[in-house]
Amino acid sequence: FNERKFLAIGAWGARKKGNHLRSLCSDALANTPACKFMLLGGKTEPSQAEIEALYTHSKFCVVPRGDTASSRRLQTAIFAGCVPLICSDHYVLPFPSRISWNASSLRVPEAECARTITETLPSVTAEKWSDLHAHVIRAQTPLLYNLSEPAAPGYLLDSLISESFALVASRMESTGGVDGYPGAAAALTVGAREESLRLSRIAQSNASKHVHPERPV
């Protein structure tokens, strides 16, 4: 907690959509002690190393919406061990069966994001942040894709397959299964649960060993 010198940071440029929200958030960061905002897309573009250093030295990373509801800043924050503050009303977060987003992030309505930066984040205790951070580290595993190991690229593909199994099983269960195979939905559901437990054990093991993924997507 004390090793991260910034309370919260943000790094983004202007967008056609969501620009008002981004302006409010950047102003909030600029007016809150121990917070920092980095403008991207300007005349003096910061290097990727500078951006990554900003994320790794902050307790919270603001993830506002842009042209779309989603943002790659979420993955950047997760792999930097930074607790994301998600400010996007329609963002469908990835792999909900793999990642406990309620435990590994703060999510607020877009209209409340600026006030959350100025009023809520400064009051977060070290104990609360440490708990969120532990879940952020666990969330790294399902998002891992290691290009240096072509034969076993990582757990991202496992997450995609497992999530697909869970979705298909859920839809089959709601419709009574497949004609001629009434137990198919139950079998898929069990398979999805077993896969979920397997990935969960891997994530917990990596977190306890402080294993950090080599490359985000």
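This text goes with the structure placed above it.
*Asks:* Explain the overall build of the protein chain to me, using residue names and the numbers behind them.
*Replies:* Across its full length, the protein chain carries 8 helices and 5 strands. Helices (α) and strands (β) of the protein chain occur, in sequence order from the N terminus, as β-α-β-α-β-α-β-α-β-α-α-α-α. A sequence separation of at least 24 residues applies to 64% of the contacts in the protein chain between residues at least 6 apart. Carbon and sulfur atoms make up 54% of the accessible area of the protein chain, which amounts to about 11900 Å² in all.

*Asks:* Can you lay out the packing of aromatic side chains for me, pointing to particular residues and giving the numbers?
*Replies:* Here the structure, examined in full by the defined rule, presents 2 aromatic pairs. Taking 5.8 Å as the distance between ring centres and 65° as the angle between the ring planes, the aromatic pair formed by Phe-1 and Trp-129 counts as edge-to-face. Here Trp-129 lies in helix H6 (residues 126–140) and Phe-1 lies in the segment before strand S1 (6–12), a separation of 128 residues in the sequence. With a centroid separation of 5.1 Å and an interplanar angle of 55°, the aromatic rings of Trp-12 and Phe-37 are classed as tilted. Residue Trp-12 is located in strand S1, and its partner Phe-37 is located in strand S2 (residues 35–39); the two are separated by 25 residues in the primary sequence. A cation sits over an aromatic face here: Lys-59 above Phe-1, 4.7 Å from the ring centre.

*Asks:* Lay out the sheet that holds strand S3 (residues 58–64) with the relevant residues and their values.
*Replies:* Here we have 5 strands laid out as an open sheet, ordered S2-S1-S3-S4-S5, and parallel in their pairing. Both edges of this open sheet fall to S2 and strand S5 (106–107), since each of them pairs with a single strand only. Sheet topology note: the S1/S2 ladder contains 5 bridges and is parallel. What sits directly across from Gly-10, in S2, is Phe-37. Lying on the sheet, helix H1 (residues 19–30) is in contact with S1, S2, S3 and strand S4 (83–87); it crosses S1 at an angle near 145°. Each of S3 and S4 is contacted by helix H5 (residues 113–120), which is oriented at about 145° to S4, the strand it contacts most.

*Asks:* I'd like a description of unusual backbone geometry, backed by residues and values.
*Replies:* Of note, the phi angle at Ala-34 is positive, near 65°, even though the residue is not glycine. Counting through the fold element by element, Ala-34 comes out in the loop between H1 and S2. Residue Ala-34 is classed as partly exposed on the basis of its relative accessible area of 43%. Positive phi, close to 50°, is recorded for Phe-95, a residue that is not glycine.

*Asks:* Run through the pattern of salt bridges, naming residues and quoting values.
*Replies:* Tallied over the full model, the rule gives 2 salt bridges. In this structure, the salt-bridge partner of Arg-115 is Glu-112, at a minimum N-O distance of 3.9 Å. Of the residues examined, Arg-115 reaches a relative accessible area of 45% and is grouped as partly exposed. Between Arg-115 and Glu-119 there is a salt bridge; the shortest N-O distance is 3.8 Å. Of this pair, Arg-115 and Glu-119 both sit in helix H5, 4 residues apart, which is roughly one turn of the helix. Taken together, the shared-partner salt bridges in this structure form one network comprising Glu-112, Arg-115 and Glu-119.

*Asks:* Tell me what's going on with the packing of H1 against H5, and back it up with residues and numbers.
*Replies:* Packing of H1 against H5 brings their axes to within 8 Å, and their N-to-C directions diverge by 10°. Put simply, H1 runs roughly parallel to H5. Within the contact between the two elements, H1 uses Leu-21, Leu-24, Cys-25, Ala-28 and Leu-29 and H5 uses Cys-113, Ala-114, Ile-117 and Thr-118. Tallied by class, the residues present in the contact of H1 with H5 amount to 8 nonpolar, 1 polar and no charged.

What counts and how
Residues numbered from 1 in each chain as written. Predicted model: local features only at pLDDT ≥ 70, side-chain atom pairs only at ≥ 80, totals over all residues. Heavy atoms only, no water. Helix = DSSP H or I, 4+ residues; strand = E, 2+ residues; numbered from the N terminus. Contact = heavy atoms within 4.5 Å. Areas by Shrake-Rupley, 256 points an atom, 1.4 Å probe, with all protein chains shown as cover. Phe/Tyr/Trp six-rings, centres within 6.5 Å; stacked < 30°, edge-to-face > 60°. Lys NZ or Arg CZ within 6 Å of the ring centre and 35° of its normal. Pairing = 2+ DSSP bridges. Axes fitted to C-alpha atoms, helices over the stretch in contact; angles between N-to-C directions. Buried < 20%, exposed > 50% of the residue type's maximum accessible area, 1.4 Å probe, protein only. Salt bridge = Lys/Arg side-chain N within 4 Å of Asp/Glu carboxyl O. Parallel < 35°, antiparallel > 145°, perpendicular 65-115°, else oblique. Nonpolar A, V, L, I, M, F, W, Y, C, P; charged D, E, K, R; others polar.

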